[in-house]
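Structural characterization, general
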Amino acid sequence: MKMSEMEVYNGEREVPNDFIEFWAMQLALIQELPEYRMIEKNFFLKNASCFDFYFRGTNRSQIYAKVIFPKQKDNCPVIFHFHGYQGRSSDWSEYLKFASEGYAVVAMDVRGQAGKSEDKGLFSGTTVKGQVIRGMREGPEHLFYKDIYLDVYTLIELIATFPQVNSQRLMTYGASQGGALAIVGGALNRKISKIVAIYPFLSDFPRVIHLGQETEPYDELFRYFKFVDPLYDTQEKIFSTLDYIDIKNFGSMISGQVKLVTGLRDDVCPPSTQFAFYNRVNSEKEQIILPEYGHEAMNVMVNDKIFNWLTESSIEEV
């Protein structure tokens, strides 16, 4: 797809008529915030306090996050970081640079993946393969990612209650799956004022199928059609269910500022699927196009820009 086409592309399917109502109903089911546990880590750091943070998510799952607060700071802005598919939150040391600038960091492990969060509290190992397609034949309320999205919402709500937190300065940040969760966090929770999403996953599923993008992590969708429904008889039902976790459909719900980073050589999360989300955002937004990048780690200049966006630094890159 040419750049001129991507700039006006909104995806292969429209937003379901009851999309906003569906998510309002899901949030309403969280009638009160769950209890949580915080266990301080003995890292003996001068400028930061680190905690293991646990709370009970939907379906009795135990959700874990790293929490880092700068010491002796009130009215603290918070950066919520989300990791990529099948992964886990970064090492503690990766987040200390934000604490040194006076920012708290909260990094959630996605349930059933490589971190400490547990899928339904029944498994100590991972259940990651197939998470995209789990529940898609049963209906949107059964989608596994529906529960992951609710974990994100609940985590933000819990942290916003802390007395040392500035609830007007909450930000989400991540790449790939993490970029998708950063977007969903900002769409479902209007406390989020800024979103930084790098080549987000989980957008425009039909487009991925039509492009034949069988690379991780979309391969499970292809495997479903190949081994369960090779004639694509259930295609409409499947896509109409996945619509409810498709991040492009959350674009119009966002009120905060959006920064989207897109590599034009991305063969995992195709650029057109990222434009399908971006073109639906009505709030203040900016898309950073990287012609030579694919779905890969960003080099120093890009990382510096992201750090500066999040911390509102005025440092100029050389």
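Before reading further, recall that the structure is shown in the block above.
Notes on the structure follow. (Residues numbered from 1 in each chain as written. Predicted model: local features only at pLDDT ≥ 70, side-chain atom pairs only at ≥ 80, totals over all residues. Heavy atoms only, no water.)

1. A few points about the pattern of salt bridges
Scanning all chains against the criterion turns up twelve salt bridges. The closest approach of N and O atoms between Arg280 and Glu14, which form a salt bridge, is 3.8 Å. A residue pair is termed long-range when its members are at least 10 positions apart, and Arg280 in the loop between helix H9 (271–278) and strand E9 (285–290) and Glu14 in the loop between helix H1 (3–6) and helix H2 (19–28) qualify at 266 residues. For the salt bridge of Asp52 with Lys41, the shortest nitrogen-to-oxygen distance reads 3.3 Å. In this pair, Asp52 is assigned in strand E2 (residues 48–56) and Lys41 in the loop between strand E1 (36–40) and E2, connecting sequence segments eleven residues apart. Here Asp52 falls in the buried class, since its relative accessible area comes to 6%. Residues participating in the shared-partner salt-bridge network are Arg13, Glu236 and Asp243. (Salt bridge = Lys/Arg side-chain N within 4 Å of Asp/Glu carboxyl O. Helix = DSSP H or I, 4+ residues; strand = E, 2+ residues; numbered from the N terminus. Buried < 20%, exposed > 50% of the residue type's maximum accessible area, 1.4 Å probe, protein only.)

2. Focus: the nonpolar core
Residues Phe80, Tyr149 and Ile159 are the most contacted members of the largest nonpolar core, which totals 76 residues. Sorting elements by how many residues they give to this core places helix H4 (residues 144–160) first, with twelve residues. What Phe80 contacts, discounting residues up to four positions off in sequence, is Val106, Leu155, Ile156, Ile159, Leu170, Met171, Thr172, Tyr173 and Ile192. In terms of nonpolar packing, the next biggest core, distinct from the first, is built from 28 residues, Phe98, Met171, Tyr199 and Trp309 among them. (Core = buried A, V, L, I, M, F, W, Y, C linked by side-chain atoms within 4.5 Å. Contact = heavy atoms within 4.5 Å.)

3. Some remarks on a nonpolar patch on the surface
On the surface, a cluster of nonpolar side chains totalling about 190 Å² of accessible area is made up of Met3, Leu264 and Ile289. Within the secondary structure, Leu264 is located in the loop between strand E8 (257–263) and H9. (Patch = residues over 30% accessible without salt bridge, like charges linked within 9 Å, V, L, I, M, F, W, Y side chains within 5 Å. Areas by Shrake-Rupley, 256 points an atom, 1.4 Å probe, with all protein chains shown as cover.)

4. Quick notes on the packing of aromatic side chains
The description of an aromatic ring pair uses the distance of the two centres, along with the angle that the planes make with each other. Taken as a whole, this structure holds 22 aromatic pairs when the rule is applied. Lys285 extends its terminal NZ or CZ atom over the ring of Tyr278, reaching a point 4.4 Å from the ring centre. (Phe/Tyr/Trp six-rings, centres within 6.5 Å; stacked < 30°, edge-to-face > 60°. Lys NZ or Arg CZ within 6 Å of the ring centre and 35° of its normal.)

5. A word on the side chain of Thr172
Among the secondary structure elements, Thr172 is positioned in strand E6 (residues 165–175). For Thr172, a relative accessible area of 0% translates into the label buried. Among residues more than four places away in sequence, those in contact with Thr172 are Phe80, Phe82, Ile156, Ala182, Gly186, Ile192, Lys194, Ile195 and Val196.

6. A word on the packing of H2 against H4
Closest axis-to-axis distance for the H2/H4 pair is 11 Å, and the angle between their directions is 60°. The handedness of the crossing between H2 and H4 comes out as right-handed. In this structure, H2 uses Phe22, Trp23, Gln26 and Leu27 to contact H4, whose residues at the interface are Lys146, Tyr149, Leu150 and Tyr153. Partitioned by chemical class, the residues of the contact of H2 with H4 number six nonpolar, one polar and one charged. (Axes fitted to C-alpha atoms, helices over the stretch in contact; angles between N-to-C directions. Left-handed = near helix turned anticlockwise from the far one by under 90°. Nonpolar A, V, L, I, M, F, W, Y, C, P; charged D, E, K, R; others polar.)

7. What to know about the sheet that holds E6
Read across the open sheet, the nine strands follow the order E1-E2-E3-E5-E4-E6-E7-E8-E9; overall the sheet is mixed. This sheet does not close on itself; its edge strands, each paired only once, are E1 and E9. Strand-to-strand twist across the sheet, computed as the mean angle between neighbouring axes with direction ignored, equals 15°. Taken together, the five bridges between E1 and E2 define a ladder with antiparallel strand orientation. Within E2, the residue paired with Arg37 across the bridge is Tyr54. Helix-sheet contacts for helix H5 (residues 177–188) involve strand E4 (76–82), E6 and strand E7 (192–198), and the interaxial angle to E6 is about 150°. (Pairing = 2+ DSSP bridges.)

8. What to know about helix H3 (residues 92–99)
Looking at H3, one finds that the buried residues are Trp92, Tyr95, Phe98 and Ala99. The buried side chains of H3 occupy one side of the element, clustering within an arc of 100° when seen end-on. Lining the buried residues of H3 we find E2, strand E3 (62–70), E4, strand E5 (104–109), E6 and helix H10 (300–311). (Arc of directions from axis to C-beta.)

9. A few points about the pairing of E5
Among the six residues of E5, six are classified as buried, and the element is accordingly described as predominantly covered. Alternating positions in E5 separate into two faces, Ala104, Val106 and Met108 on one and Val105, Ala107 and Asp109 on the other, with burial throughout. Relative to E5, E3 is paired through five bridges, and the arrangement is antiparallel. Residue pairing in the sheet places Ile68 in a bridge with Val105 of E5. By the bridge criterion, five bridges tie E4 to E5 in an arrangement that is parallel. What sits directly across from Phe82, in E5, is Met108.

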